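# Results of the structural survey
Now for the letters of each chain:
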Amino acid sequence: MNIKNICCIGAGYVGGPTMAVIAQKCPEINVTVVDINEERIKAWNDENVENIPIYEPGLPEVVKEARGRNLFFSTDVDAAIDKADMIFISVNTPTKTYGIGKGMAADLKFIELCARQIARVAKDDKIVVEKSTLPVRTAEALKNILDNTGNGVNYQILSNPEFLAEGTAVDDLMNPDRVLIGGDIDTAKGKEAVDALVDVYAHWVPRERLLTTNVWSSELSKLTANAFLAQRVSSINAMSELCEKTGADVNEVSKAVGMDSRIGAKFLKSSVGFGGSCFQKDILNLVYISKSFGLHEVADYLEQVIIMNDHQKRRFAAKIVQTLFNTVSGKKIALLGWAFKKDTNDTRESAAIYVADYLLNEQAEIVVYDPKVKTEQIYADLDYLNTRSSEENRARVTVVDGAYEATKDAHAVAVLTEWDEFKELDWQKIYKEMLKPAFLFDGRRLLERKTKEDIGFEFYAIGS
Ligand code: NAD
Ligand code: UGA
């Protein structure tokens, strides 16, 4: 089966970059990315390719090459579904905020809406690909909705979870460790659909990295991968607290441990806590699924990863208060970084949000600088917590355009995102312009202790 037209529903952090790379690598396939968010689509179509809605190194170049040739962004969801042989569903699957499973289960209402829309519009056979991260066995529900429309269309459902990380999305997509495709491999039609998607990726991914499984293994592997990655971060963060008590240094411990080839060196960097839209959401989802099967020990085991992460964020904020003579009331604290990691403008579940909220509860005055995050986003993140009124958030938090402006006259500076530019700052100048004693808190192990202490800073870094 030769795929000629692809539609992707959801032009977000996954849909946008993934489809841009598919379009670039498969010039003979037309790729249309659709979204109900008009503003987002408008930004994807912005003449100046630097204004696309997602900051991701290397992405503007890819979009520039393919957009208008075989890559299109549109709000006409029906038309794109109608034309497509293959439809990717790449909409958000956030944690439920209401009803059964509130605070744990994945909210699948956007997925279901897509399925119903496909069922309503489709007139010929379609391959529907789950790109969003979904609870295991979601494909069953999708198939049920699609097959019960009675219009005689044949649907094949594939699971093709995405493993890209933000900030390195283009590299991850161009050179993936593996591409996972789950399908109904025991039937001829199912196998044909799997092969069709394999052929798309085979344009640039070596065949041996294209892994095919049954649908349930594919769905569950995605959640498992995120749980394992997050678990490593929580494990090293647990050690970071022990390091601080014992004189060990968490960077040295992680290097020593990571050199064991059975353990491996990646994802052992201690931090103020992991953020991002997925780790917490996906683990909570696994916790919920495990509980719903009565697997309470499994659920408890996984939940500890989140408990540790919450503790790490709180512990870092508490350290600031404690070090500043047990009060930050009325004190100016500069936060460098708001994104959940460097090289992205995404702030979802960023540790910075929680550290700021904690300090605001202690009546601190907060000044934030982040190279890529917009001011409105920072206020929206704080408002979303609902801890205080939005007027108060605006009165107590100032967002500025540069690190020197943020740190001038501050009692303390906290590095919350590991942006490269923070390493290159003139720390001598920052020290000079701060109130004394000048406290510097490194939540990312980004800065070198000795040079900062030589300047005169009172320096605290996670895990040492
Ligand atoms: P996102 O919120 O950035 O994008 C989702 C988009 O879907 C939004 O623009 C929204 O308007 C659109 N949408 C929702 N319902 C729609 C509908 N019915 N019709 C048309 N458009 C609709 O989300 P994201 O970060 O791209 O994540 C999408 C999925 O991919 C999630 O399941 C997530 O867990 C998974 N994932 C995310 C990442 C990541 O790095 N962000 C990586 C791997 C997997
Ligand atoms: C993560 C996974 O790495 C991707 O494979 C997955 O596709 C994605 O989630 C998803 O499903 O959404 P992402 O959240 O974009 O990607 O970024 P990561 O690089 O995994 O970082 C997540 C968080 O962990 C960040 O806050 C980061 O600073 C933190 N982290 C990461 C650490 O604190 N230490 C580390 O050693 C690694």
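Structural data are supplied above this passage.
Every value quoted in this text rests on a predicted model; they were computed, and no experiment measured them.

### Section: the overall build of the chain
- A tally of helices and strands in the chain yields 19 helices and 14 strands.
- By the compact-globule yardstick of 23 Å for 464 residues, the chain fits well, its C-alpha radius of gyration being 24 Å.
- Across its three principal axes, the chain shows a C-alpha extent of roughly 75 × 50 × 45 Å.
- Relative to its full complement of 464 residues, the chain shows a buried share of 52%.
- Considering only residue pairs separated by 6 or more positions, the chain has 75% of its internal contacts joining residues 24 or more positions apart.
- Here the chain has roughly 20800 Å² of accessible surface; of this, 50% comes from carbon and sulfur atoms.

### Description of empty space enclosed by the protein
- The full count for this structure, using the stated rule, is one cavity of 30 Å³ or more.
- Each pocket or cavity is described by its volume, and for the largest cavity that value is around 40 Å³.
- E130, S132, T133, L134, S159, N160, P161, E219 and K222 are the residues that line the largest cavity.
- Partitioned by chemical class, the residues of the lining of the largest cavity number two nonpolar, four polar and three charged.

### Section: the site of ligand 1
- Contacts to ligand 1 come from 25 residues, most closely from D35, R40, T93, E166 and K281.
- Contact distances for ligand 1 include 3.4 Å between a nitrogen atom and a backbone N or O atom of I36.
- The contact in question runs from an oxygen atom of ligand 1 to an N or O atom on the side chain of T93, over 2.6 Å.
- Here ligand 1, which alone exposes 840 Å², has 92% of that area covered by the protein.
- Taken together, the residues that form the shell around ligand 1 break down as nine nonpolar, nine polar and seven charged.

### With respect to the pairing of strand β13 (residues 439-442)
- Across the two faces of β13 the burial is the same, with F439 and F441 and L440 and D442 all buried.
- As paired strands, strand β12 (residues 412-415) and β13 are joined by four bridges and run parallel to one another. If you follow V415 over to β13, its bridge partner there is D442.
- Where β13 and strand β14 (residues 458-461) come together, four bridges link them in parallel fashion. Among the inter-strand pairings, D442 is bridged to a residue of β14, identified as A461.

### Side note on the site of ligand 2
- In the neighbourhood of ligand 2, 20 residues make up the surrounding shell, with F163, L164, S271, C278 and R444 lying closest.
- Between K269 and ligand 2, the recorded distance is 2.8 Å, taken from a backbone N or O atom to a nitrogen atom.
- Measuring from an oxygen atom of ligand 2, one finds a backbone N or O atom of G275 at 2.9 Å.
- Contact with the protein chains covers 89% of the free accessible surface of ligand 2, which is 700 Å².
- Per-element accounting of the shell around ligand 2 gives the leading share, four residues, to helix α9 (residues 215-246).

### Concerning the packing of α9 against helix α11 (residues 279-292)
- α11 packs onto α9 with a crossing angle of 115 degrees between their chain directions and a minimal axis gap of 9 Å. Relative to α11, α9 is oriented so that their crossing is left-handed. Seen from α9, the contacting residues are L220, L223, T224, N226, A227, L229 and A230; seen from α11, they are F279, D282, I283, N285, L286 and I289.
- When grouped by side-chain class, the residues that make up the contact of α9 with α11 number nine nonpolar, three polar and one charged.

### Side note on the sheet that holds strand β10 (residues 365-369)
- Spatial ordering of the open sheet is given by β11-β10-β9-β12-β13-β14, a layout of six strands whose pairing is parallel. Here the strands that pair on one side only, and so sit at the sheet edges, are β11 (397-399) and β14. Neighbour-to-neighbour, the strand axes of this sheet turn through a mean angle of 20 degrees, independent of strand direction.
- As paired elements, β10 and β11 share three bridges and run parallel to each other.

### Section: helix α6 (residues 138-147)
- Among all positions in α6, only T138, A139, L142, I145 and L146 are buried. One face of α6 carries all of its buried residues, which in axial projection span an arc of 125 degrees.
- Each element contacted by the buried residues of α6 is listed here: α5 (109-121), β5 (126-130), β6 (155-159) and α9.

### Description of the side chain of T407
- Here T407 lies in helix α16 (residues 403-407).
- A polar side-chain atom of T407 sits 2.9 Å from the main-chain carbonyl oxygen of A403.
- When residues no more than four places from it in sequence are discounted, the contact partners of T407 are A334, L336, V413, I430, E433 and M434.

Thresholds, definitions, all that
Residues numbered from 1 in each chain as written. Chains lettered and ligands numbered in written order. Predicted model: local features only at pLDDT ≥ 70, side-chain atom pairs only at ≥ 80, totals over all residues. Heavy atoms only, no water. Helix = DSSP H or I, 4+ residues; strand = E, 2+ residues; numbered from the N terminus. Rg over C-alpha atoms; globule rule 2.2 N^0.38 Å. Buried < 20%, exposed > 50% of the residue type's maximum accessible area, 1.4 Å probe, protein only. Contact = heavy atoms within 4.5 Å. Areas by Shrake-Rupley, 256 points an atom, 1.4 Å probe, with all protein chains shown as cover. 1 Å grid on protein atoms, 1.4 Å probe; cavity = no way out; pocket = protein on both sides within 12 Å on 5 of 7 lines; lining within 4 Å. Points joined across faces, edges and corners; volume = space filled by probe spheres on them. Nonpolar A, V, L, I, M, F, W, Y, C, P; charged D, E, K, R; others polar. Near = heavy atom within 4 Å. Polar contact = N/O pair within 3.5 Å; in protein donor to acceptor, adjacent residues only side chain to side chain. Pairing = 2+ DSSP bridges. Axes fitted to C-alpha atoms, helices over the stretch in contact; angles between N-to-C directions. Left-handed = near helix turned anticlockwise from the far one by under 90°. Arc of directions from axis to C-beta.

By themselves, these observations are geometric and do not establish any function.
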